[in-house]
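Descriptive analysis of the structure
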Amino acid sequence: MKLDNKRTILTGFAFLSICAFWQMYNSIVPLILTNTFHLNETYSGAIMAADNVLALFLLPLFGAISDKTHTKIGKRMPFILFGTGLAIILMTLLPLIDNSYAAAPTTFKTVSFVVVLGLLLVAMGTYRSPAVALMPDITPKPLRAKANGIVNIMGYIGGAFATVLGLFLVLSSYINAPDHERNLWVIELPFIIASVLMVISALVLFATI
């Protein structure tokens, strides 16, 4: 029995996109909450902790639902495609609201940002478990430990790629810049990077797995 390394690497694109997203989210969103919306550390920390609370309910729920799902494109793919698509749409709204608030602050925009952020976390929660379940779905049990190592490496690559392309652009410098110096294109860069990686990963999975 031999592990199909190529197929395992392709499966790892699911974890790659997830890690790329969370690297961007955990690096950029706290800065936006504190520097743009001027939330104190208590509120910012509570919002950033929301993903862990939602994960307690969403991950086992959608993992179980995907186990019982049967479609022409498999158990997991509907959740991966839907979750990825919805997450990308919501991610494009975040920098728009952020830039709009910087130009003209209102309570409504703050609430809108938090609501969109919450919906984004729900979207990610709908496909995280199904995506991670892909590897054991297609890998014989004796080979899953080795396959898990490969999948984790793919995740680290996604996180590192988002870090290098995102944080290397000195994102904190523009987030901390005066409002009149802010640039929508620049504020969108980390979200664009994560979105592109997620789209590529979903297409690779759909075409090959």
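A short tour of the structure in this document, coming up. (Residues numbered from 1 in each chain as written. Predicted model: local features only at pLDDT ≥ 70, side-chain atom pairs only at ≥ 80, totals over all residues. Heavy atoms only, no water.)

A tally of regular secondary structure across the chain gives nine helices and zero strands. Each helix and strand of the chain, placed in order from N terminus to C terminus, yields the pattern α-α-α-α-α-α-α-α-α. Looking at the chain as a whole, 47% of its 209 residues qualify as buried. Contacts in the chain between residues far apart in sequence, at least 24 positions, make up 79% of those at least 6 positions apart. Accessible surface, the chain as shown: approximately 10,500 Å² in total, 70% of it carbon and sulfur. (Helix = DSSP H or I, 4+ residues; strand = E, 2+ residues; numbered from the N terminus. Buried < 20%, exposed > 50% of the residue type's maximum accessible area, 1.4 Å probe, protein only. Contact = heavy atoms within 4.5 Å. Areas by Shrake-Rupley, 256 points an atom, 1.4 Å probe, with all protein chains shown as cover.)

Here the focus is the environment of Gly 158. By the secondary structure assignment, Gly 158 is in helix α7 (residues 144-167). Sequence separation of Gly 158 and Gly 12 is 146 residues, and the distance between their C-alpha atoms is 9.9 Å. Setting aside chain neighbours within four positions, we find Gly 158 in contact with Leu 16, Ala 20 and Leu 197.

This next bit is on unusual backbone geometry. Despite not being glycine, His 38 shows a phi value in the positive range, around 55 degrees. By the secondary structure assignment, His 38 is in the loop between α2 (13-36) and α3 (41-67).

On to the packing of aromatic side chains, then. With the rule as written, the count across this model stands at six aromatic pairs. With centroids separated by 5.2 Å and ring planes inclined at 85 degrees, the aromatic side chains of Trp 22 and Tyr 25 adopt a geometry described as edge-to-face. One end of the pair is Trp 22 and the other is Tyr 25, both in helix α2 and three residues apart, which spans about a single turn. The residues Trp 22 and Tyr 25 share a single accessibility class, namely buried. Arranged with centres 4.7 Å apart and planes meeting at 40 degrees, the rings of Phe 37 and Phe 113 form a pair that is tilted. Highlighted residues: Phe 37 in the loop between α2 and α3 and Phe 113 in helix α5 (residues 107-132), separated in sequence by 76 residues. Judged by relative accessible area, which is 0%, Phe 113 ranks as buried. (Phe/Tyr/Trp six-rings, centres within 6.5 Å; stacked < 30°, edge-to-face > 60°.)

Under the definition given, this model contains two salt bridges. With its nearest N and O atoms 2.8 Å apart, the salt bridge here joins Arg 76 to Asp 67. Assessed through its relative accessible area of 41%, Asp 67 is described here as partly exposed. Salt-bridge contacts for Asp 137 lead to Arg 76; the nearest nitrogen and oxygen are separated by 2.6 Å. Of this pair, Asp 137 sits in helix α6 (residues 134-138) while Arg 76 is found in the loop between α3 and α4 (77-103), placing the two residues 61 residues apart along the sequence. Three or more residues are tied together by salt bridges with common partners; here these are Asp 67, Arg 76 and Asp 137. (Salt bridge = Lys/Arg side-chain N within 4 Å of Asp/Glu carboxyl O.)

This part takes up the packing of α3 against α5. When two helices pack together, their arrangement is given by the angle between the helix axes and the distance between those axes. At a closest axis distance of 7 Å, the pairing of α3 and α5 adopts a crossing angle of 35 degrees. Between α3 and α5 the crossing geometry is right-handed. Residue-level inspection shows Ile 47, Ala 50, Asp 51, Leu 54, Leu 58, Leu 59, Pro 60, Phe 62, Gly 63 and Ser 66 of α3 in contact with α5, the latter providing Val 114, Leu 117, Gly 118, Leu 121, Val 122, Gly 125, Thr 126, Arg 128, Ser 129 and Pro 130. Its residues assigned to classes, the contact of α3 with α5 shows 12 nonpolar, six polar and two charged. (Axes fitted to C-alpha atoms, helices over the stretch in contact; angles between N-to-C directions. Left-handed = near helix turned anticlockwise from the far one by under 90°. Nonpolar A, V, L, I, M, F, W, Y, C, P; charged D, E, K, R; others polar.)

Another point: a nonpolar patch on the surface. On the surface, a nonpolar cluster with roughly 350 Å² of combined accessible area is contributed by Val 53, Leu 56 and Phe 57. Position of Leu 56 among the secondary structure elements: in helix α3. Residue classification places Leu 56 among the exposed residues on the basis of a relative accessible area of 64%. (Patch = residues over 30% accessible without salt bridge, like charges linked within 9 Å, V, L, I, M, F, W, Y side chains within 5 Å.)

As a further point, take the side chain of Thr 84. Here Thr 84 shows up in helix α4. We classify Thr 84 as buried; its relative accessible area is 6%. Ignoring any residue separated from it by four or fewer positions in sequence, one finds Thr 84 in contact with Phe 79, Tyr 127, Met 198, Val 199 and Ala 202.

Remember, this is a structural readout, not a statement about activity or role.
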